[in-house]
Amino acid sequence: MSGLRRVVRSGVRRRRVQTVVVGLVTAAAVTATVLGAGLLVASQAPFDDAFAAQRGAHLTVRADSGAVTEPQLAASASAPGVVAAAGPYRVLVVAFTERGGMRTPPLTVVARTDPGGPVDRIELAGGRWPTGPDEIVLSGGAVRLPPGARLTTPGGGEFTVVGTARSISDTAGAWVLPSAVGRLDGPDTADGYQMLYRFADARTATEVGAGRDAVVAALPPGAVTGARSWLDVRQQAVEDAAVFVPFLVAFALLGIVMALLVVGTVVAGTVGAATRRIGILKALGCTPAGIVRAFVAQTLLPAAVGAVAGTVTGNLIALPVLAETEQVYGSANTTIAWWVTVLATGGVLAVVTLTAWTAALRAGRLRTVDAIAVGRASGPARGRWALRLAARLPVARPVGLGLARPFARPAGQAGGPRPGPPVRTAGAHCRDPAGGRDGRGGGDVRDRARRVAAAHPDRAHPGRR
């Protein structure tokens, strides 16, 4: 085990460039995978998740204040099929005037004491809930004004915008405290009551219709002036989000696929570049299994560091991205689920491990001589364009070859003459004449050459006849 540790440590120290590259690529892959998977999960049934989290209203009922009383509306919460109810709330339709004199579209203003409750919990997107009768909170609908803006009612009452909120059931365009109803009431202002209901069964339009009939039957005749099903709100939200969801899904899938491809390519190249070192380790007595474990560990060390960095980066980048997407989905959840982070990080590390194991196993199965030879194999021919150009010059062939040689072996020419490779000639080992002699000496080769020339004079001087 100590020998394996030494191999891993020496490999990480010696191949610093590959170590840094594996770490950076793993970090980028984990970042893209965490962000992409987070967006992919967020795009799956976003309205249904937000509706369940905020306990949206299956049915929103508008009642005539002159035909029903608040106690009668409150008693309708015990109608058959109703599991939860909220209200009655005073509701008014008001067209405000901004400070510059521009009139806003008519807003449905609901008077609520707080944003909570058993049905339709209001999510504050910014600012705070009103604390006084002259403060108002706007929804993120047609009227978008920053906190501090001033609005004037037709009756002359002034309100200060103190926050922005969102109702998943789309029950109002603005909210005020019940004490502000007197300041809102005025000419051209329609008022009434609002009741919110949740039913035991509301998956289909038939079930919602049955619940609506039970509520209407529990109220005086003519009390209900309007009702809205949550299915209508859901359909509109799905249509609005349908424009953005395909792009989010495509970005998520592209990020995951590209991350896996890049990690696989880089890791395979890193291990493949160490094939000669694998051969040397085998020559020193390492087993194929030990070599595979060593190179997998050598790859996983920087990959683990990069995975931690990528996890943190992916979650940080997701904050502003999901903050934008939640404006479309109507949900206040702007963080990636913990299980998405765990699966994304574990998946990338699994790809790194599998790729390193496959590449190291393939190299570990090579014979020792073949593994060493792979690392020392000569590269592709270079300088072919120079040879072709020199062949067209009006010079002798030896001169053209000499001109093209620096381009074919630039490193060798820049460093001056170097000893040539060993030459095997009829059982004798030596270097070429430019490289001097080896253990047996170059004289033996020259003597053999002279004897061959004496025995075959026509071969020694082929140009003579």
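Everything below is about the structure printed above this text.
Once a new chain begins, its residue numbering starts again from 1 and follows that chain's sequence as written. Side-chain atom pairs in this predicted model are given and counted only at pLDDT of 80 or more, local residue features only at pLDDT of at least 70, and totals for whole chains, interfaces and linings cover all residues. Note that water and hydrogens are dropped before the side-chain values are worked out from all heavy atoms of the structure.

K.L.:
Hey, could you run me through a nonpolar patch on the surface in this one?
P.N.:
A grouping of Val41, Trp338, Trp339, Val342 and Leu343 is seen on the molecular surface, where their side chains present a nonpolar patch of about 570 Å² in accessible area. Strands are runs of DSSP state E lasting at least two residues, helices are runs of H or I lasting at least four, and both sets are numbered from the N terminus onward. With four residues, the single largest contributor to the nonpolar patch is helix H11 (residues 338-364). For patch building, the residue pool is restricted to those with more than 30% relative accessible area and no salt bridge; the joining distance is 9 Å between like charges and 5 Å between nonpolar side chains (Val, Leu, Ile, Met, Phe, Trp, Tyr). Accessible surface area values rest on a Shrake-Rupley calculation with a 1.4 Å probe, where residue burial reflects the displayed protein chains alone. Here a salt bridge means any side-chain nitrogen of Lys or Arg lying within 4 Å of a carboxyl oxygen belonging to Asp or Glu.

K.L.:
Even after reading the chapter, I still don't get unusual backbone geometry, so can you show me in this structure?
P.N.:
The omega angle of the peptide bond from Gly87 to Pro88 is 5°, so this bond is cis rather than trans. Along the chain, Pro88 falls in strand E2 (residues 82-94). Here Asp170, not a glycine, exhibits a phi torsion of approximately 55°, which is positive.

K.L.:
Help me understand the environment of Arg90 in this model?
P.N.:
Take Arg90: it is sitting in strand E2. Residue class for Arg90 comes out partly exposed when judged on its relative accessible area of 23%. Residues Arg90 and Val110, 20 residues apart in the sequence, show an inter-C-alpha distance of 5.9 Å. In this structure the side chain of Arg90 is engaged in a polar contact, spanning 3.0 Å, whose partner is the side chain of Asp191. The cut-offs for exposure are 20% and 50% of the maximum accessible area for each residue type, with area from a 1.4 Å probe on protein chains only; residues under the lower value are buried, those over the upper are exposed, and the others partly exposed. The definition of a polar contact used here is a pair of N or O atoms within 3.5 Å, where within protein one atom must be able to donate a hydrogen and the other to accept one, and adjacent residues in sequence count solely through side-chain atom pairs.

K.L.:
Which parts of the structure should I look at to understand a positive patch on the surface?
P.N.:
On the surface, Arg5, Arg6, Arg9, Arg13 and Arg16 cluster together into a positively charged patch. A total of four residues in the positive patch trace back to one element, the largest contributor, which is helix H1 (residues 2-14). Given the relative accessible area of 44%, Arg9 is considered partly exposed. A positive count includes Lys and Arg, and a negative count includes Asp and Glu. His and the chain ends are not counted in either. Lys charges are placed at NZ, Arg charges at CZ, Asp charges at CG and Glu charges at CD.

K.L.:
Whenever I open this one, the pairing of E2 confuses me. Can you help?
P.N.:
Along any regular strand the residues' side chains alternate between the sheet's two faces. Any two strands between which DSSP finds at least two bridges are classified as paired. Examined bridge by bridge, E2 and strand E10 (residues 190-199) share nine bridges and lie antiparallel to one another. Bridge pairing in E10 links Ala84 to Arg198. Relative to strand E4 (residues 107-111), E2 is paired through four bridges, and the arrangement is antiparallel. Directly across from Val91, in E4, lies its bridge partner Val110.

K.L.:
Help me understand the environment of Trp338 in this model?
P.N.:
Within the secondary structure layout, Trp338 lies in helix H11. For Trp338 and Asn315, which are 23 residues apart along the polypeptide, the C-alpha to C-alpha distance reads 9.9 Å.

K.L.:
Honestly, the packing of aromatic side chains in this entry has me stumped. Any pointers?
P.N.:
Here a ring pair, both rings aromatic, is described through the centre-centre distance and the interplanar angle of the planes. Any two of the Phe, Tyr and Trp rings considered here, Trp counted by its six-membered ring, make a pair once their centres fall within 6.5 Å; the pair's planes then place it as stacked at under 30 degrees, edge-to-face at over 60, or tilted in between. Scanning all chains against the criterion turns up three aromatic pairs. Pairing Phe96 with Phe159 gives two aromatic rings, centres 6.3 Å apart and planes at 80°, and the pair type is edge-to-face. Taken together, the residues span a long stretch of sequence, with Phe96 in the loop between E2 and strand E3 (97-98) and Phe159 in strand E8 (residues 158-166) at a distance of 63 residues. Just as Phe96 is buried, Phe159 falls in that class too. Either the NZ atom of lysine or the CZ atom of arginine qualifies as a charge over a ring when it sits within 6 Å of the ring centre and within 35 degrees of the ring normal. Just above the ring of Tyr193 sits the side chain of Arg90; from NZ or CZ to the centre is 5.8 Å. The ring of Phe159 carries Arg183 above its face, with NZ or CZ at 5.5 Å from the centroid.

K.L.:
Can you help me understand the pattern of salt bridges in this one?
P.N.:
One pass over the full model with this rule turns up six salt bridges. With a closest N to O distance of 2.8 Å, Glu135 and Arg128 form a salt bridge. Judged by its relative accessible area of 36%, Arg128 falls in the partly exposed class. Ionic pairing is found between Glu158 and Arg150, a salt bridge with its closest N-O pair at 2.5 Å. A residue is classified by how much of its surface remains accessible, and Glu158, at 39% relative accessible area, is partly exposed. On the basis of relative accessibility, which here comes to 28%, the residue Arg150 falls in the partly exposed class.

K.L.:
Quick question: what am I supposed to make of the nonpolar core here?
P.N.:
Soluble globular proteins tend to bury their nonpolar side chains together. Remark: nonpolar core denotes a set of buried residues (Ala, Val, Leu, Ile, Met, Phe, Trp, Tyr, Cys) joined through side-chain atoms within 4.5 Å. Core analysis: the biggest nonpolar cluster contains 22 residues, and Leu73, Tyr197, Phe199 and Val215 have the highest contact counts within it. Contributions of two or more residues to this core are made by helix H3 (46-53), strand E1 (59-63), E10, helix H6 (205-217) and helix H7 (230-241). The element that contributes the greatest number of residues to this core is E10, accounting for four residues. Should any heavy atoms of two residues lie within 4.5 Å, those residues are counted as being in contact. Ignoring anything within four residues of it in the chain, the contact list for Val215 reads Ala79, Val82, Tyr197 and Phe199. Leu138, Leu145, Ala149 and Phe159 belong to the second-largest nonpolar core, a separate cluster that totals 19 residues.

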